[in-house]
Amino acid sequence: MRLNVNRILHTPGASQDFHFEMDLSDLDFGGMYPVVHPVVVDGRVMNRAGVLHCELQAETTLRSVCARCAKEFDDPQTVEYACVLVEEKQDEENEDIVVLDKDEVDLADLARTAFILDMDTTALCSEDCQGLCPGCGVNLNEEPCRCKKQVDPRLAALAKLLQDD
Ligand SMILES: [Zn+2]
Ligand SMILES: [Zn+2]
């Protein structure tokens, strides 16, 4: 989605709203494709005292896999991004300054980059997810650990000895 800001470029106080959806279902994130729903982008470009400010919010629900229990879950994701749009390249390098191309800004590119940079590598189904038991492998959120029931045979023999005493 490209937005032409020509209308507000030299009009302090003017603003332009935008709204679009992005399909990022082919986004490979560590061998997984978590963006199963469209990413909805809403935002506005404002001319504040001659300077163009662009603000946007990208929102979707990811299909994530919990880093602790390996279960899939719905993971709401909201990313906010803001930058300043300029007509000509500035002397200083600044990632928050975006140069317009023939009065146009590629909003889809900005939103996509902001969204990818904000992706969390350690998604958790819940802050207090119990994870999987390293012993028996059960999902401790769903069932109790089975390890304790299997008594070590050596301990069983010892218990028998003590009993016989
Ligand atoms: Zn979990
Ligand atoms: Zn266990």
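This report concerns the structure included in the present document. (Residues numbered from 1 in each chain as written. Chains lettered and ligands numbered in written order. Predicted model: local features only at pLDDT ≥ 70, side-chain atom pairs only at ≥ 80, totals over all residues. Heavy atoms only, no water.)

### As for the sheet that holds strand β5 (residues 72–86)
Put simply, the rule reads: Strands qualify as paired when DSSP identifies two bridges or more between them. Helix and strand definitions follow DSSP, with helices as H or I runs of at least four residues and strands as E runs of at least two, each counted in order from the N terminus. To get an axis, fit a line to the C-alpha atoms, keeping to the stretch in contact for a helix; angles then go from 0 to 180 degrees between the N-to-C directions. Contact definition: two residues touch when any of their heavy atoms are within 4.5 Å.
An order of β2-β3-β4-β5-β6 is seen for the 5 strands of this open sheet, with the pairing classed as mixed. Pairing within the sheet leaves two strands with one partner each, and these edge strands are β2 (15–22) and β6 (97–99). For this sheet the average axis-to-axis angle between neighbouring strands, irrespective of direction, equals 30°. Summarising the sheet, strand β3 (residues 39–48) and strand β4 (residues 51–65) pair through 9 bridges and their orientation is antiparallel. Opposite M46, over in β4, you have H53 as the bridge partner. Lying over the sheet, helix α2 (residues 107–117) contacts β2, β3, β4, β5 and β6, oriented at roughly 65° with respect to β2.

### Brief notes about the side chain of Q77
Stated precisely, the cut-off is as follows: Think of it in three bands: residues with accessible area under 20% of the maximum for their type are buried, residues over 50% are exposed, and the middle band is partly exposed, with areas taken using a 1.4 Å probe on protein chains only.
Along the polypeptide, Q77 turns up in strand β5. On the basis of relative accessible area, Q77 is assigned to the buried category, the value being 9%. For Q77, the residues in contact, after removing those within four places along its chain, are A58, E59, T60, L62, F115, D118 and M119.

### A closer look at the coordination of the zinc ion (ligand 1)
Cut-off, in case you're wondering: Listed donors are limited to N, O and S atoms within 2.8 Å of the metal, widened to 3.2 Å for Na, K and Ca; water is not among them, so incomplete-looking sites are possible. The geometry test gives tetrahedral to four donors whose angles all lie between 85 and 135 degrees, gives square planar to four donors and octahedral to six donors whose opposite members are over 155 degrees apart with all other angles between 65 and 115, and gives irregular to the rest.
Only C66 (SG), C69 (SG), C125 (SG) and C129 (SG) from the protein reach the zinc ion (ligand 1) as donors, at distances of 2.3 Å. Seen from the zinc ion (ligand 1), its 4 donor atoms lie at angles of 105 to 112°, and the figure they make is tetrahedral. Written as a sequence motif, the donor arrangement for the zinc ion (ligand 1) is C-x2-C-x55-C-x3-C. Separated by 59 residues along the polypeptide, C66 in the loop between β4 and β5 and C125 in the loop between α2 and α3 (153–164) bring together distant segments of the chain. By relative accessible area, C66 is classed as buried at 3%. Note on C125: relative accessible area 32%, which makes it partly exposed.

### Some points on the pairing of β4
Between β3 and β4, which pair antiparallel one after the other, the connecting turn spans 2 residues, and A49 there sits at a positive phi close to 55°. As paired strands, β4 and β5 are joined by 14 bridges and run antiparallel to one another. When the sheet's bridge partners are listed, Q57 is paired in β5 with E80.

### Focus: the packing of aromatic side chains
The condition is simple: Paired rings are identified among Phe, Tyr and Trp, the last through its six-membered ring, by centres lying within 6.5 Å, and are further divided according to the angle between planes into stacked (under 30 degrees), edge-to-face (over 60) and tilted (the rest).
In this structure the tally under the stated criterion is 1 aromatic pair. Centre to centre, the rings of F18 and F20 are 6.3 Å apart; their planes meet at 35°, and the pair counts as tilted. Across the pair, F20 and F18 agree in class, each one buried.

### What to know about unusual backbone geometry
Of note in the backbone geometry, A49 takes a positive phi value of approximately 55° without being a glycine. Its location among the elements puts A49 in the loop between β3 and β4. Residues other than glycine seldom take positive phi values, yet A70 does so here, at roughly 65°. Looking at the element boundaries, A70 is found in the loop between β4 and β5. We classify A70 as exposed; its relative accessible area is 52%.

### Describing the pattern of salt bridges
As a reminder of what qualifies: The term salt bridge refers to a pairing of a side-chain nitrogen on Lys or Arg with a carboxyl oxygen on Asp or Glu at a separation within 4 Å.
Here the structure, examined in full by the defined rule, presents 9 salt bridges. The partner of E142 in a salt bridge is K71, and the shortest N-O contact between them spans 2.8 Å. Here E142 is found in the loop between α2 and α3, whereas its partner K71 is found in the loop between β4 and β5, with 71 residues between them in sequence. The class for K71 is partly exposed, based on a relative accessible area of 42%.

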